[in-house]
Amino acid sequence: RLRQDAAPHTSGSRSEGAMVNTGKNYPIELGWAFLLVVGYLVRVAFVSIRLPGAIGILLVGFAFSHFMQEDILENRNDLQRFAFLLVLLNAGFEVSIRRLRPAILLISLLPGLVEMAGIAGLAMLTHDVGIREGLVLGCVLFPLGEGLVIPKMNEFKAAYPDHALPRVTLTWAPLEATLALSFFSFLSSVSSSLTEGQLSPVLLVMEVVVRLVATVAAGGFVGAGAGWVLSHTSKITVRKKRIFTGSAVEAFLLVLGLGFGGFGLAEVVPNGFGPESKLFDPDLFVIAIGSSFSDVANPTVLHNVEGFLAGIWVFGSIILFSMLGSRTEVQVFEHFPQILPFMLFGVACRFVGLCVAVPLAQRLGKHSPFAPKKMLLEILFLFLCSLPRATLQGALGAQPVQDNFFSRLGEQGKAWRQFIGQGARLYIITFSILGSLLLEFLGPKLLLATADKTRRHAMSLAMPPIDEEHASCAPSQIGSPFFMEDPPLSPTAGDRSLPSNDAAAAAATSPSSAAEALSVTVAGEEDPPTEDTEMERQESNWGTFLFESGGERGLDSAHAVEPCILYRAETQ
């Protein structure tokens, strides 16, 4: 509060050139009641008519801005940062080191970099600014809204479990967010009034490298340690008494607490390069914790933590999008003609980047999920996934004003700071609504149109290639997922025996018994289609359970379980 009183431009409740928004004096409980009850009801109403729930919450936040309670208004930045931390943690869970193949890295980085460079170039040509100012604008505007895209991809993954494109996007979205956050951190170090001109270019590059390496190493160590401890709580005892209960809520609270701790620690530990330089990047630190935790923790612990995170995200999404909506001002539409060229040119550059990246990814290996004959439809789906934007624009758009970027440029720097903030708000309004609607209505149609190829290569980016020497299945027999040990199972035609409940329970806790508990028929190509009986449905559900409980994240390597994806054409 002292800093806000001393420097009005750093206040989260007002910005340069914006109307001052004052809070109302009434009990804070009434404000929270309005946000939670009305926000949730509007969210449910929008979802029931197949509209994105985030749009409804944004509208609730906009309405709330006209009578916002003063304490909520004063702490709006902190509330938004809390909700954004949940997005970062969830993004980390989706970034697995085992998934980072060259193809997914190419799709995750190249299209976004092309769009950012295009926006920066257009700014330099039309507004007579330097490359630094143009890159700051591009870095704020280009990243997709992972808070909007990741929940939708989880829905698509559940609705189309054999489709690879939603899983590709779940890995791509947090990687692009990490790219934007990391690059913006570098731009901030050369643009902020606190650090501008303090370091030479060589030292700036060294600082960024040190920060990235230290952040990934420290976050990875914390997350991996938490994953190992929470997976072996029964072995941690004092005088033969267990310290941890091993419950799901215990694991979630510890991981969430470590995320908060890492985020806060990154804001106070200096790196020695300058008075305001920090050793860790806060956003990347949280992502690294989530990523390393998901790689080390056993599937049961990870599933429990993700379940609790999904539950609290309902609360977090109401906070995040209502706070974003409360920042929206009608006056910002006056600047729409100036921002529209950046929108159109930016998405055009994104499409061009995808048209280059996807064919290159398809040629990188035989396990690419992209089909040459349907590549245009797959590019269109990925393009739709890049349109919903709100999260990072809301988090980064206010930073140039708050940190007084380009202070050495005088009035020109002030005008460009305002332009970046206005562009971020218009991107949130336009793309959060239009992009979410396009993805909601056209996404399922594109997934259905591209299902054949990606079904044959489901999870090829997330899993190691199938060892065809030891697998007793042909590629044409791909279907319900199950696991094969070495030596492999030898399914007998016509054998449709199902595991008992006891066997299922044992398989859920013991990966090595999962393959032994399941005996699945691999029907020949000439077998006639069969009716979808109750037994067929149970068998499909059992295969899906094995796939989701262990295959997607990978099982303990000590069990030497090799994932194998099978397909019975007549039941799909």
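Data block above holds the structure.
What comes next is a walk through the structure. For clarity, every value in this text was computed on a predicted model and none was experimentally measured.

The rules behind the values
Residues numbered from 1 in each chain as written. Predicted model: local features only at pLDDT ≥ 70, side-chain atom pairs only at ≥ 80, totals over all residues. Heavy atoms only, no water. Core = buried A, V, L, I, M, F, W, Y, C linked by side-chain atoms within 4.5 Å. Buried < 20%, exposed > 50% of the residue type's maximum accessible area, 1.4 Å probe, protein only. Helix = DSSP H or I, 4+ residues; strand = E, 2+ residues; numbered from the N terminus. Contact = heavy atoms within 4.5 Å. Phe/Tyr/Trp six-rings, centres within 6.5 Å; stacked < 30°, edge-to-face > 60°. Axes fitted to C-alpha atoms, helices over the stretch in contact; angles between N-to-C directions. Left-handed = near helix turned anticlockwise from the far one by under 90°. Nonpolar A, V, L, I, M, F, W, Y, C, P; charged D, E, K, R; others polar. Salt bridge = Lys/Arg side-chain N within 4 Å of Asp/Glu carboxyl O.

Of all hydrophobic cores here, the largest spans 107 residues; its most connected members are Leu-137, Phe-293, Phe-321 and Phe-381. Among the elements that make up this core, the one with the highest residue count is helix 18 (residues 411-449) (twelve residues). Residue contacts for Phe-293: discarding those within four places in its chain leaves Phe-93, Gly-223, Ala-224, Ala-226, Gly-227, Leu-230, Val-255, Val-301, Leu-302 and Val-305. By size, the runner-up hydrophobic cluster in this structure holds five residues, among which are Ala-266, Phe-280, Phe-285 and Ile-289.

In this model, Asp-128 sits at a positive phi of 55°, which is unusual for a non-glycine residue. You can see Asp-128 is positioned in the loop between helix 6 (102-127) and helix 7 (131-141). Although it is not a glycine, Arg-239 sits at a positive phi angle of roughly 55°. Residue placement: Arg-239 occurs in the loop between strand 1 (237-238) and strand 2 (241-242).

Below, the discussion takes up the environment of Val-87. Within the secondary structure, Val-87 is located in helix 5 (residues 76-94). Residues Val-87 and Pro-151, spaced 64 residues apart in sequence, show a C-alpha to C-alpha distance of 10.0 Å. Apart from the residues within four sequence positions on either side, Val-87 is in contact with Glu-146, Gly-147, Trp-313, Leu-320 and Thr-391.

Another aspect to go through is the packing of aromatic side chains. Applying the stated criterion across every chain yields a total of 16 aromatic pairs. For the pair Phe-156 and Phe-381, a centre-to-centre distance of 6.2 Å together with 50° between the ring planes defines the contact as tilted. Taken together, the residues span a long stretch of sequence, with Phe-156 in helix 8 (residues 146-159) and Phe-381 in helix 15 (residues 375-385) at a distance of 225 residues. We note that Phe-156, like Phe-381, is buried. Here the aromatic rings of Phe-184 and Phe-405 are separated by 6.0 Å at their centres, their planes lie at 25°, and the arrangement is stacked. Of the two residues, Phe-184 is situated in helix 9 (residues 165-191) and Phe-405 in the loop between helix 17 (399-402) and helix 18; the sequence distance between them amounts to 221 residues. What makes Phe-405 buried here is its relative accessible area of 0%. Ring pairs connect the aromatic residues Phe-34, Phe-64 and Phe-67, which therefore count as one cluster.

As a further point, take the packing of helix 2 (residues 28-48) against helix 3 (residues 53-64). Helix packing geometry: the angle between the two helix axes and the distance between the axes. Axis separation between helix 2 and helix 3 bottoms out at 8 Å; the angle between their running directions is 145°. Note that helix 2 runs across helix 3; the crossing there is right-handed. Packed against helix 2, whose contacting residues are Gly-31, Phe-34, Leu-35, Val-38, Gly-39, Val-42, Arg-43, Phe-46 and Val-47, the element helix 3 presents Gly-53, Ile-55, Gly-56, Ile-57, Leu-59, Val-60 and Phe-64 at the interface. For the contact of helix 2 with helix 3, the per-class residue count stands at eleven nonpolar, four polar and one charged.

Here we come to the pattern of salt bridges. A full pass over the atoms with the stated rule returns eight salt bridges. A salt bridge links Arg-132 to Glu-133, with the nearest nitrogen and oxygen atoms 2.8 Å apart. Residue Glu-133 is classed as buried on the basis of its relative accessible area, which comes to 7%. Between Glu-155 and Lys-152 there is a salt bridge, with the nearest N and O atoms lying 2.8 Å from each other. Remark: Lys-152 and Glu-155 occur in helix 8; sequence separation between them is three residues, near one turn of the helix. With relative accessibility at 47%, the residue Glu-155 sits in the partly exposed group. According to the relative accessible area criterion, Lys-152 is buried, its value standing at 13%. Connected through salt bridges with shared partners, the residues Glu-115, Glu-176, Arg-350 and Arg-389 form a single ionic network.

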